[in-house]
Amino acid sequence: MARLMDENAKIKKPKSSREIMHDALILSAKSSANRAVELGLKEEKIIISCKVSEVQDLIQVYDRLARECKFPLHLGLTEAGIGSKGIVASCASLAVLLQRGIGDTIRISLTPEPGGDRAQEVIVAQELLQTMGIRSFTPLVTACPGCGRTTSTVFQSLASEIQTYIREEMPKWRKTYPGVEEMTLAVMGCVVNGPGESKFVDVGISLPGTGEAPSAPVYVEGKKYCTLKGKNIAGEFKQILIDYVHDRFNKNNN
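Below, the structure is looked at part by part. (Residues numbered from 1 in each chain as written. Predicted model: local features only at pLDDT ≥ 70, side-chain atom pairs only at ≥ 80, totals over all residues. Heavy atoms only, no water.)

## As for the pairing of strand E7 (residues 223-229)
Put simply, the rule is: When DSSP locates at least two bridges between a pair of strands, those strands are taken to pair. A helix here means a DSSP run of H or I that spans at least four residues, while a strand means a run of E at least two residues long, and both kinds are numbered starting from the N terminus.
With six bridges joining them, strand E6 (residues 215-220) and E7 adopt antiparallel strand pairing. Of the residues in E7, the one forming a bridge with Val-220 is Lys-223. Linkage of E6 to E7, two consecutive antiparallel strands, is achieved through a turn of two residues, within which Glu-221 is found at a positive phi near 50°.

## A few points about the sheet that holds strand E4 (residues 184-188)
Test applied: Every axis in this analysis is a line fitted to C-alpha atoms, fitted for helices over the stretch in contact. Angles between the N-to-C directions lie between 0 and 180 degrees. Throughout, a residue-residue contact means that at least one pair of heavy atoms, one from each residue, lies within 4.5 Å.
On the basis of which strands lie adjacent, the open sheet formed by five strands has the order E3-E4-E5-E6-E7 and mixed pairing. The outermost strands of the open sheet, each flanked by one partner alone, are strand E3 (140-143) and E7. Strand-to-strand, the axes of this sheet are offset by a mean angle of 20°, without reference to chain direction. As defined by bridge partners, E3 adjoins E4 across four bridges and the pair is classed as parallel. Bridge pairing in E4 links Leu-140 to Thr-184. Contacts from helix H8 (residues 233-249) reach E4, strand E5 (203-206), E6 and E7, with the element oriented near 150° to E7.

## Digging into the nonpolar core
Here is the rule: Only buried residues count toward a nonpolar core. Its members are Ala, Val, Leu, Ile, Met, Phe, Trp, Tyr and Cys residues joined through side-chain atoms within 4.5 Å. With a 1.4 Å probe rolled over the protein chains alone, any residue whose accessible area is under 20% of its type maximum counts as buried; one over 50% counts as exposed, and the rest are partly exposed.
In terms of nonpolar packing, the biggest core is built from 32 residues, with Trp-173, Met-183, Val-187, Ile-205 and Phe-237 touching the most fellow members. Breaking this core down by element, the ones donating at least two residues are helix H6 (154-176), E4, E5, E6 and H8. Once residues lying within four places of it in the same chain are set aside, the contact partners of Met-183 are Pro-139, Leu-140, Trp-173, Asp-202, Leu-241, Tyr-244, Val-245 and Phe-249. Leu-73, Ile-102, Ala-125 and Leu-128 belong to the second largest nonpolar core, which has 30 residues in total.

## A word on the packing of H6 against H8
Selection rule: Relative orientations are named as follows: roughly parallel for angles under 35 degrees, roughly antiparallel for angles over 145 degrees, roughly perpendicular for angles from 65 to 115 degrees, and oblique for any other angle. By definition, turning the near helix anticlockwise from the far helix through less than a right angle yields a left-handed crossing, and turning it clockwise yields a right-handed one. Only Asp, Glu, Lys and Arg are considered charged, only Ala, Val, Leu, Ile, Met, Phe, Trp, Tyr, Cys and Pro nonpolar, and every remaining residue, Gly among them, polar.
With their axes 12 Å apart at the nearest point, H6 and H8 run at an angle of 25° to one another. Judged on the interaxial angle alone, H8 and H6 are roughly parallel. The hand of the H6/H8 crossing is right-handed. Contacts between H6 and H8 pair Leu-158, Glu-161, Ile-162, Tyr-165, Ile-166, Trp-173 and Thr-176 from the former with Ala-234, Phe-237, Lys-238, Leu-241, Ile-242, Val-245 and Phe-249 from the latter. Across the contact of H6 with H8, the residue classes tally to eleven nonpolar, one polar and two charged.

## What about helix H4 (residues 83-99)?
To be explicit about the condition: How far a helix is expected to stretch is found by multiplying one less than its residue total by 1.5 Å. Taken from the helix axis, the directions to the C-beta atoms give the arc we talk about.
The first and last C-alpha atoms of H4 sit 24 Å apart over 17 residues, in line with the 24 Å expected at 1.5 Å per residue. Within H4, burial applies to Gly-86, Ala-89, Ser-90, Ser-93, Leu-94, Leu-97 and Leu-98. Viewed along the axis of H4, the buried residues span an arc of 145°, placing them on a single side of the element. Residues of H4 that are exposed and point more than 90 degrees away from the buried face comprise Ser-84, Val-88 and Gln-99. Of the surrounding elements, those touching the buried residues of H4 are helix H3 (55-68), strand E1 (74-75), strand E2 (105-106) and helix H5 (119-131). Phi for Gly-101, located one or two positions after H4, is positive at around 80°.

## Side note on unusual backbone geometry
Backbone geometry at Glu-79 places phi at a positive 55°, although glycine is not the residue there. Residue placement: Glu-79 occurs in the loop between E1 and H4. Owing to a relative accessible area of 65%, Glu-79 belongs among the exposed residues under this scheme. The phi angle at Glu-221 is positive, at roughly 50°, despite the residue not being glycine. Taking relative accessible area as the criterion, Glu-221 reaches 49% and is therefore assigned partly exposed.

## Considerations on the environment of Cys-226
With respect to the secondary-structure elements, Cys-226 resides in strand E7. You can call Cys-226 partly exposed: its relative accessible area is 23%. With 198 residues separating them in the primary sequence, Cys-226 and Ser-28 have C-alpha atoms 62 Å apart. Ignoring sequence-local partners within four residues, the contact set of Cys-226 consists of Ala-216, Pro-217, Val-218 and Ile-240.

## Observations concerning the pattern of salt bridges
Inclusion rule: Definition used for salt bridges: Asp or Glu carboxyl oxygen within 4 Å of a side-chain nitrogen of Lys or Arg.
Going through the model one piece at a time under the given rule, you end up with 15 salt bridges. The partner of Arg-18 in a salt bridge is Asp-57, and the shortest N-O contact between them spans 3.2 Å. Taken together, the positions of Arg-18 in helix H2 (residues 17-38) and Asp-57 in helix H3 put the pair 39 residues apart, joining distant regions of the chain. The exposure class of Arg-18 is partly exposed, given its relative accessible area of 44%. A residue is classified by how much of its surface remains accessible, and Asp-57, at 3% relative accessible area, is buried. Between Glu-127 and Arg-167 there is a salt bridge; the shortest N-O distance is 2.5 Å. Linking Glu-127 in helix H5 with Arg-167 in helix H6, this pair joins segments that are 40 residues apart in sequence. You can call Glu-127 partly exposed: its relative accessible area is 30%. Salt bridges sharing partners connect three or more residues here, namely Lys-15, Asp-23, Lys-30, Arg-64 and Glu-68.

Put into structure tokens, the structure is as follows:
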């Protein structure tokens, strides 16, 4: 960095300090990897990672690396931050690069909340890849955001409960039900969008909203399966989900 800054100061139209920083990162990465090969390390044992903590810097540095070297690249925004800031910054930068076909492995670096679970980093990385259609890890639940048409947080609680249940079951499901990670679900909160969204997923439920009858139609693979009523809608819907997974993905049924 110091050498490049000195050389830059001598030219008529010097680059900005940010451009010099990019040059230094890329030169360091490329020269280190090439030197490792000269010393006998096999090329397939090398992957390049540049520590960058700003979104635009990460995009520009890795865009150049992809064009200027043949080594696989490890993407990740260092010191991204805490909570939603860290998640948004990481996803904003990585998504741009992944959409361009750049990146072979990824990481999400989040500052944990006090007492927080570091597994959140893995979950965000998986959801990023899955929502971009690159790789599936677990069924994701589509759910409406809530509005004046929804009467309570019932649909929110059910969506969270179902998503949590799926994540807890996935270690077992992955072995028993191959392909289950591709399943799609919907938990909706009123009749306006509920039936439509529910028909476009494998299993969906439309909970009652303001002024609606206290019933919840359930759709399986685009067709109305049943209507749930009463206080145990969540439990009954979960059982429908369990039965569907077993019937469709059980490898012993194939």
